[in-house]
Amino acid sequence: MTAYGRDTLAKIASYLAPDHPEIPNALRQHDEDSHALEELLVRLEEAEAIVGRVAREAPATVAGLLQSLPAAPKRQPPGWFEYFQARTEGLPSDSVMELLIGLVGELSLENGTALIEIDTLGDDYALTFLPIASARRFIDIAPRYLQQSRLDKDASVRFMTAKEPSLRTEVRYGYMITGLDDADHALDVLQEVDNVYARMLPGWWISGTTDTVAGGDWAIFGDTEGVLLPVIDFERWQHLLTDELRNAVAPLAPRAQISTDWNQDGSR
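So, here's what we can say about the structure. (Residues numbered from 1 in each chain as written. Predicted model: local features only at pLDDT ≥ 70, side-chain atom pairs only at ≥ 80, totals over all residues. Heavy atoms only, no water.)

## Notes on the overall build of the protein
Across its full length, the protein carries nine helices and eight strands. Looking at the protein as a whole, 45% of its 268 residues are labelled buried. Here the analysis covers contacts within the protein between residues at least 6 apart in sequence; of these, 68% occur between residues at least 24 apart. For the protein, the exposed area adds up to about 13,700 Å²; of that, 49% sits on carbon and sulfur atoms. (Helix = DSSP H or I, 4+ residues; strand = E, 2+ residues; numbered from the N terminus. Buried < 20%, exposed > 50% of the residue type's maximum accessible area, 1.4 Å probe, protein only. Contact = heavy atoms within 4.5 Å. Areas by Shrake-Rupley, 256 points an atom, 1.4 Å probe, with all protein chains shown as cover.)

Right, dumping it as structure tokens:
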């Protein structure tokens, strides 16, 4: 390996594992080695900076390894992978992996993080997370480093996001709770409902008003503007949210009736 090649690998290691200076230092001192690029990825994997040899692993293993990386986004929908497994059961493993990586990439971007693919070993590749600003810079420089050093003329580094627009859909949500005794009772129930929404749908703005309905009972009405939601969450959150509302309202209003409207307007 030339000094230029060693320096190339060291620069990539420094970018992906800045807290592990021993990796670039070791690579700069490396002797001739036809497997230098593979060694770089192995060292980065040992430092928990990447998930390597992705093509050889099962989707469940890759999902777990990605979530264990220190740079992985911390805010993910609860139970998202279990639901993903149920929706992709029976599909070929390579299709499941492609959908999985696309979905993780999309969810990561919502958290200000990019999922990056480093495809350098022919039929295999590695994955890692970087802040979006750093990822853009890395995507610009890494292929040039790899290609100029002649370590891999076909090296590629790219953002991983969903290829299928059906992974996202715009949802409008509305609800009504009837069977409340009076205005004060309705306000008490509304407070509990707002607590459920703050916990289950953080970041959503959901209106809430109280008024009388036919028959003299009081009721609560609310809705939200269109919100982009991952399709894998749609059916799951329909049931989860309704259950949470029932559990919150029942102790305060045993005769209350809850109705919800999830209007799925179309994929984006």
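So that's the structure; there's more coming.
## Section: the layout of surface pockets
Roughly 250 Å³ of internal volume is contained in the second largest pocket. For the lining of the second largest pocket, the secondary structure elements donating two or more residues are helix 1 (3-16) and strand 2 (126-131). When residues in the lining of the second largest pocket are grouped by element, the largest group, three residues, is from strand 2. For the lining of the second largest pocket, a count of residues per class yields eleven nonpolar, two polar and two charged. (1 Å grid on protein atoms, 1.4 Å probe; cavity = no way out; pocket = protein on both sides within 12 Å on 5 of 7 lines; lining within 4 Å. Points joined across faces, edges and corners; volume = space filled by probe spheres on them. Nonpolar A, V, L, I, M, F, W, Y, C, P; charged D, E, K, R; others polar.)

## A look at the nonpolar core
The biggest cluster of nonpolar side chains holds 23 residues, and the ones touching the most others in it are Y173, Y175, I177, L180, V193, Y197 and L241. Looking at this core, the elements that each hand over two or more residues are strand 4 (168-180), helix 8 (183-200) and helix 9 (231-249). Per element, the largest residue contribution to this core is seven residues, and it comes from helix 8. Residues in contact with Y173, not counting those within four places in the same chain, are Y197, W204, I206, G222, D223, T224, L241, L245, T260, D261 and W262. (Core = buried A, V, L, I, M, F, W, Y, C linked by side-chain atoms within 4.5 Å.)

## Overview of the pairing of strand 5 (residues 209-212)
The side chains of a regular strand alternate between the sheet's two faces. Bridge count between strand 5 and strand 6 (residues 218-223): four bridges; the pairing is antiparallel. Considered in strand 6, the bridge of D211 is made with A219. Between strand 5 and the antiparallel strand that follows it, strand 6, lie five residues; G215 among them carries a positive phi value of about 100°. (Pairing = 2+ DSSP bridges.)

## Topic: the packing of helix 4 (residues 59-68) against helix 6 (residues 93-110)
Viewed as axis vectors pointing N to C, helix 4 and helix 6 meet at an angle of 20°, and their least axial separation amounts to 10 Å. As far as their axial angle goes, helix 6 and helix 4 are roughly parallel. Pair helix 4 / helix 6 crosses with right-handed handedness. Residue-level contacts link P59, V62, A63 and L66 of helix 4 to S93, V96, M97, L100 and V104 of helix 6. Here the residues of the contact of helix 4 with helix 6 sort into eight nonpolar, one polar and no charged. (Axes fitted to C-alpha atoms, helices over the stretch in contact; angles between N-to-C directions. Parallel < 35°, antiparallel > 145°, perpendicular 65-115°, else oblique. Left-handed = near helix turned anticlockwise from the far one by under 90°.)

## Structural notes on helix 4
Restricting attention to buried positions, one finds in helix 4 the residues P59, V62, A63 and L66. Down the axis of helix 4, the buried set is contained in an arc of 100°. They therefore lie on one face. (Arc of directions from axis to C-beta.)

## Some points on helix 8
Given 3.6 residues per turn, any residue in an α-helix points the same way as the ones three and four places further on. Relative to the 26 Å expected for 18 residues at 1.5 Å per residue, helix 8 spans 26 Å between its end C-alpha atoms, a close match to the ideal helical length. When helix 8 is considered as a whole, its buried residues turn out to be H185, A186, V189, L190, V193, V196, Y197 and M200. In a view along the axis of helix 8, the buried residues occupy a sector of 130°, so they form one face of it. Of the exposed residues in helix 8, those oriented more than 90 degrees away from the buried face are D184 and A198. (Expected span 1.5 Å × (residues − 1).)

## Some details on the environment of T260
Note on placement: T260 falls in strand 8 (residues 257-267). With relative accessibility at 30%, the residue T260 sits in the partly exposed group. Not counting residues up to four positions away in its chain, the partners in contact with T260 are Y173, G174, Y175, T242 and L245.

## Re the side chain of S108
Its location among the elements puts S108 in helix 6. Exposure remark for S108: the relative accessible area of 0% places this residue in the buried category. Setting aside its immediate chain neighbours within four residues, S108 contacts P73, T113, L115 and F129.

## Quick word on unusual backbone geometry
Although it is not a glycine, E48 sits at a positive phi angle of roughly 60°. Here E48 shows up in the loop between helix 3 (36-46) and helix 4. Owing to a relative accessible area of 47%, E48 belongs among the partly exposed residues under this scheme.

## Let's talk about the packing of helix 5 (residues 80-88) against helix 6
Contact geometry of helix 5 with helix 6 gives a least axis separation of 11 Å together with a crossing angle of 145°. Of the two possible hands of crossing, helix 5 and helix 6 adopt the one that is right-handed. Contacts between helix 5 and helix 6 pair W80, F81, F84 and T88 from the former with V96, L99, L100, L103 and V104 from the latter. Considering only residue class, the contact of helix 5 with helix 6 consists of eight nonpolar, one polar and no charged.

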